[in-house]
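Take a look at the letters that make up each chain.
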There are 2 protein chains.
Amino acid sequence: MSRRRKPSNSSLLNPPRLFLYHRALEDALRDGTSVVTSDDLALRVGRGVSSAQIRKDLSHLGTFGRRGQGYDVIMLVKRLARVLGLDRDWRIAIVGFGFLGHALATFLEYREEKFHIAAIFDVAKELVGTRWHGVRVSHVDDLEKVLPVLECGIGIITVPASAAQAVAQRLVRCGLGAILNFAPATLRLPERVAVRSIDLASELSILTHHLS
Amino acid sequence: MSRRRKPSNSSLLNPPRLFLYHRALEDALRDGTSVVTSDDLALRVGRGVSSAQIRKDLSHLGTFGRRGQGYDVIMLVKRLARVLGLDRDWRIAIVGFGFLGHALATFLEYREEKFHIAAIFDVAKELVGTRWHGVRVSHVDDLEKVLPVLECGIGIITVPASAAQAVAQRLVRCGLGAILNFAPATLRLPERVAVRSIDLASELSILTHHLS
């Protein structure tokens, strides 16, 4: 990006906050609510997000409530879904299909309707060639053969720490632009790739440290 | 705490960093390494943690390497395990035994040897009364009857957002001092309670936002 180019508004926005709005508005829809003011939405979002912040964030999206009348919930849900990429389905590749990989696949497949497990990789002989809900488990060695044809956008990594960086690089070379990493390792990837890391054992150790 | 009282050293330490040392040292033990210098350990830990930082953190624990000789790995693993509460087993109560709760229970029971699922609660008629690896699933309404006798230290919450705060308060009243929260809600609990929150759907939306 050249220094002169103004960053797009959406890149200035806080995706978790927009996601909170989207979630709260979907709940509002389920309640049968068709119009919300920024005050209503702030109450629903909670977490200390002010109505002024909400108005500001939404105005960056070109979405304006009418003073005293509020926002059209359906329009706003659709607008936020588009910005957040939640208006389409996402195909996910999971590398590492042990207990955690399997657990995450099950959770995503059943509970998150926008996310579909489209590719599964592992190294265990007893897994490779088996099927999980119709998806064949491939050997990690075949990643470059299998993955490019499956149009996955997101990779989930649950391999041991020592293998995580190499697997992540291979996923990126196959065109994946986003990685959710559960391996206890810091990934170094090109800046264009979005990476989120969750370290469950570390989270638990923070709790046990507190209790000790 | 009075202003004059010096905070204990261990409270100044960064538990995730200590956990990284512990994990790296356990790997070193598995390699057959019995002595590490702070430079060795920094290499193993990665993530930009310097050897000077490591020496400083470990000196706060009263653990000192000998100049030019390094640290005794076994002693250091034991010391860190004690500080982190990883030298004992932890009993966990899971509230919410849907796909995510079930997935986490399986992961913890099989992969994290220090953590044991000792209590499971749900509201679904078809689940209550069934057993999971010998642990009876109880109704959430019976939480106050069941939980106090089971000596759980940590609660995992995977209930819907709207139920999370009430469940968390009930867990705390039953004596639990640490909560790992997967419900998409911010919990307000007494300061003495340690809370860590993981919002999988929000993490995924950050990735899809980036790809959109």
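Scroll up to find the structure this text is about.
Quantities reported herein were computed from a predicted structural model and do not represent experimental measurements.

S.K.: With reference to specific residues and values, describe the relation of the copies chain B and chain A.
M.R.: Here chain B sits on chain A after a turn of 180° about the axis and a move of 0.0 Å along it, with an RMSD of 0.0 Å. Viewed as a symmetry operation, the transformation between the two copies matches a two-fold axis. Judged by C-alpha distance, Ala103(B) is the residue of chain B that lies nearest the rotation axis, at 2.2 Å. A shared interface surface links the copies, since 100% of the contact residues of chain B are contact residues in chain A too.

S.K.: Before we move on, can you summarise the environment of Phe19(A) with the specific residues and values?
M.R.: Summarising the element assignment, Phe19(A) is placed in helix α2 (residues 15-30). Residue classification places Phe19(A) among the buried positions, given a relative accessible area of 6%. The spatial distance from the C-alpha of Phe19(A) to the C-alpha of Arg66(A) is 22 Å, given a sequence separation of 47 residues. Those residues in contact with Phe19(A) that sit more than four places away from it in its chain are Leu84(A), Leu86(A), Ala201(B), Ser202(B) and Ser205(B).

S.K.: Run through the sheet that holds strand β5 (residues 131-132) of chain B, naming residues and quoting values.
M.R.: All names here are of chain B. Read from one edge to the other, the open sheet built from seven strands follows the order β5-β6-β4-β3-β7-β8-β9, with strand pairing classed as mixed. The open sheet has two free edges, formed respectively by β5 and β9 (194-197), since each of these has just one partner strand. In this sheet, strand β7 (residues 154-157) lies alongside strand β3 (residues 90-95) in parallel orientation, the contact comprising four bridges. Opposite Ala93, over in β7, you have Gly155 as the bridge partner. The strands touched by helix α6 (residues 99-111) are β3, β4 (115-122), β5 and β7; relative to β4, the strand with the most contacts, the crossing angle is about 165°.

Rules behind the numbers
- Residues numbered from 1 in each chain as written.
- Chains lettered and ligands numbered in written order.
- Predicted model: local features only at pLDDT ≥ 70, side-chain atom pairs only at ≥ 80, totals over all residues.
- Heavy atoms only, no water.
- Least-squares fit on C-alpha atoms with pLDDT ≥ 70 in both.
- Contact = heavy atoms within 4.5 Å.
- Helix = DSSP H or I, 4+ residues; strand = E, 2+ residues; numbered from the N terminus.
- Buried < 20%, exposed > 50% of the residue type's maximum accessible area, 1.4 Å probe, protein only.
- Pairing = 2+ DSSP bridges.
- Axes fitted to C-alpha atoms, helices over the stretch in contact; angles between N-to-C directions.

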